[in-house]
Structure formats: structure tokens, C-alpha cells
Amino acid sequence: MNWLQCGYSLAISYFPIFTFYFVISSVSVVGKVESLWRYPVKSMRGEELNEMFTGYAGVYGDRLFAFASSANEKGFPFFTGRDQRQIIRYRARFRNPEKAAQPVNLGEAEKLSPNLNPISADASELMVDVETPDGKTFAINDPGLIDNLRAGLDGNHQLTLLRSDKAMTDCRPVSIFAVQTAKKLGEETGVAVDKRRFRANVYVDLTSSDGFFEDQFVGRSLRIGSKVTVAVLQRDARCMMITLDPDTAEKTPAILKAVAQAHEGMAGVYGAVLTEGMIRKGDSVALL
């Protein structure tokens with residue numbers, strides 16, 4: 001073997017080491033998961049989770065149900081807090097929470113291969129009950145719930161219940177929001193800003209103290225925990241929903257005004273899932 005062949009062999013033998021070093025050095029931990037949320041019924045109150053399955057179609061159990069209104073455009077038919085502010089105070093709960101915690105065969109699928117897609121529980125096992133602000137409880141498919149939602153509205157809103165195995169999100173499957181951004185908006189408006197106004201799936205506590213720092217993630221990917229990878233695709237365009245107090249549904253227009261004037265109408269980011277898996281409160285968030 002001549003010196004050229006020897007050098008080539010050495011380079012090949014060390015290539016995996018160089019590759020490994022490059023991969024490790026290109027990962028930067030930017031924060032941790034502060035809290036996790038899903039919304040069984042679109043525009044109704046969310047539920048905080050200690051862990052959740054995040055898949056290609058979105059968060060498991062997120063926005064499985066929604067109501068469509070005949071008064072809204074076909075492109076966005078959903079009946080939301082824009083139509084009836086009080087809907088954000090309705091509390092949706094899964095009747096069988098253990099079935100809604102994660103895909104029913106997740107453990108078995110992972111044992112066979114990390115690349116297998118797990119399956120959802122049967123629709124009957126993911127039934128939701130809704131508690132109204134005045135303490136009444138309805139099954140999600142009870143016509144009485146529609147009557148309750150329409151109380152005080154004009155007759156233009158004829159409501160239809162929708163159900164989908166894919167999360168009926170406004171835009172992308174997963175929404176991410178930094179708690180520092182809520183704090184920043186509080187400083188800009190002079191009012192306390194509850195992070196829940198932004199109805200995100202993943203709230204992140206960033207190592208950077210700067211609000212709106214998550215804007216810099218657009219076009220890159222985040223690894224959340226040991227497995228889940230999310231491609232951050234775009235900033236989240238905001239509407240009047242963020243003006244609504246999550247507990248009282250009272251309006252604070254100054255919040256939307258600050259987002260519109262100082263931040264191009266955007267707050268938080270949207271992502272698409274590249275690698276499915278469980279994420280947990282406290283998990284590290286790394287920028288790839």
C-alpha cells in the first residue's frame with residue numbers, strides 16, 4: 001500500500017467520527033418544554049398534559065371535534081370565539097382519558113420498529129363530554145349542546161358537528177409559543193398577558209430572554225425530547241382570538257394591536273412533524 005492509499009484508508013476509517021462530531025456540534029439546546037396543551041374541541045378550553053403523542057397529523061386528541069357554522073365562509077367554516085366569545089369557556093373532556101392519552105398500539109409498534117405508524121383508538125373510545133360555563137354537561141353530539149352554543153345569537157348560525165382523526169388546526173399540525181413572548185407583550189401593553197390566549201400545543205421556556213425569539217426558528221427544525229422532530233415552517237398570524245381572556249372571555253384589544261403594530265401581526269410559530277413520538281413537560285428543545 002503506498003502513502004496515498006494509506007491516507008485514503010485513514011480518511012475513510014475516521015469519517016464516521018468526523019460525521020458524528022459534526023452532527024453533535026450542529027445541535028443547540030435553546031430551551032425546554034414549559035407546558036403541553038391540546039384542545040379536544042376546536043375553540044373550546046384546552047387541557048394541560050404532562051405528556052402527549054405528537055404525530056404527522058398533529059397532537060393525538062387535538063381538535064378532533066369542531067362546529068361548522070352556515071354563516072361562515074366555506075374556506076373557514078368553523079364556529080369559534082370570533083362568532084361566540086363564550087365558547088372558549090366551554091370545557092371539553094374525553095370520556096375515556098386513558099384511550100386518549102396516546103395511540104392504542106404505540107408500545108407494540110415501537111417494539112417492532114421505530115418507523116411504524118401507530119393507530120388511533122376507535123371513534124367510540126374518543127367520545128367527548130362538554131361542560132358549559134353554567135355547569136351543564138352535554139355529550140359532544142347532543143343537539144342540546146348546539147342550542148346552548150347558539151343562545152343569544154342570530155338565526156344565521158346553523159351549526160353542524162364535525163369530527164376528524166386529523167387535528168382540525170387553522171394552519172399547520174403543531175403550534176409552538178415561547179413564554180417569553182407573552183411576557184414581552186405584557187411589557188408592551190402594560191397588562192398581564194396569559195400565555196393561554198395563544199392556544200399553542202407546545203409552550204417553550206427559552207434560554208434566551210428575548211420575546212419573539214422563536215421567529216428565528218422558521219426554516220429550521222427543532223428536536224423536542226429524545227425523538228420528536230418538528231420542521232418550523234412559518235410564523236403564526238393572529239386574529240381577535242388572542243384578545244379574549246381564557247377564563248372570562250372579556251376582550252383586551254391592546255394585545256392584538258401590539259402584535260399587529262410591533263410584530264407584523266405574528267406571534268408564535270407553526271410546524272410540521274418530521275419524526276413522531278411522545279414529548280413530555282420538561283423535555284429539552286434543541287435547534288437543529
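Criteria and cut-off values
- Residues numbered from 1 in each chain as written.
- Predicted model: local features only at pLDDT ≥ 70, side-chain atom pairs only at ≥ 80, totals over all residues.
- Heavy atoms only, no water.
- Axes fitted to C-alpha atoms, helices over the stretch in contact; angles between N-to-C directions.
- Helix = DSSP H or I, 4+ residues; strand = E, 2+ residues; numbered from the N terminus.
- Parallel < 35°, antiparallel > 145°, perpendicular 65-115°, else oblique.
- Contact = heavy atoms within 4.5 Å.
- Nonpolar A, V, L, I, M, F, W, Y, C, P; charged D, E, K, R; others polar.
- Buried < 20%, exposed > 50% of the residue type's maximum accessible area, 1.4 Å probe, protein only.
- Polar contact = N/O pair within 3.5 Å; in protein donor to acceptor, adjacent residues only side chain to side chain.
- 1 Å grid on protein atoms, 1.4 Å probe; cavity = no way out; pocket = protein on both sides within 12 Å on 5 of 7 lines; lining within 4 Å.
- Points joined across faces, edges and corners; volume = space filled by probe spheres on them.

1. Thoughts on the packing of helix H4 (residues 179–189) against helix H5 (residues 253–262)
As a packed pair, H4 and H5 sit with axes 10 Å apart at the nearest point and diverge in direction by 100°. Relative to H5, H4 is oriented roughly perpendicular. Where H4 approaches H5, its residues Leu185, Glu188 and Thr189 are matched on the opposing element by Ala254, Ile255, Ala258, Val259 and Ala262. By residue class, the composition of the contact of H4 with H5 is 6 nonpolar, 1 polar and 1 charged.

2. A short note on the environment of Thr252
Its place among the elements puts Thr252 in the loop between strand E13 (228–237) and H5. Here Thr252 falls in the partly exposed class, since its relative accessible area comes to 21%. Note: C-alpha distance between Thr252 and Ile242 (10 residues apart in sequence) is 8.3 Å. Beyond its immediate chain neighbours, meaning those up to four positions away, Thr252 contacts Val191, Arg197 and Thr243.

3. A closer look at the side chain of Gln180
By the element assignment, Gln180 lies in helix H4. With a relative accessible area of 12%, Gln180 lands in the buried category. Among the polar contacts listed, one links the side chain of Gln180 to the side chain of Asp205, at a separation of 2.7 Å. Reaching out from Gln180, the side chain makes a polar contact with the backbone oxygen of Leu206 at a distance of 3.1 Å.

4. Overview of empty space enclosed by the protein
Overall, the coordinates contain 1 cavity of 30 Å³ or more when judged by the stated rule. Reported here for the largest cavity is a volume of approximately 140 Å³. Trp37, Tyr39, Arg45, Gly46, Ile88, Arg196, Arg197, Arg199, Tyr203, Met241, Leu244 and Pro246 together form the lining of the largest cavity. Residues belonging to the lining of the largest cavity are distributed by class as follows: 7 nonpolar, 1 polar and 4 charged.

5. Some points on the layout of surface pockets
Where empty space is left becomes clear once a probe the size of a water molecule has been rolled over the atoms. Taken as a whole, the largest pocket holds about 420 Å³ of empty space. As for the largest pocket, its lining consists of 25 residues, and the residues nearest its centre are Arg63, Asp170, Asp236, Arg238 and Tyr270. Residue contributions to the lining of the largest pocket peak at 3 residues, all from E13. Here the residues of the lining of the largest pocket sort into 10 nonpolar, 6 polar and 9 charged. Of the volumes computed, that of the second largest pocket is approximately 300 Å³. Taken together, 19 residues line the second largest pocket, and the ones lying closest to its centre are Phe53, Ala57, Tyr60, Ser120 and Asp165. Of the residues assigned to the lining of the second largest pocket, the class counts are 11 nonpolar, 4 polar and 4 charged.

Keep in mind these numbers describe shape, not what the thing actually does.
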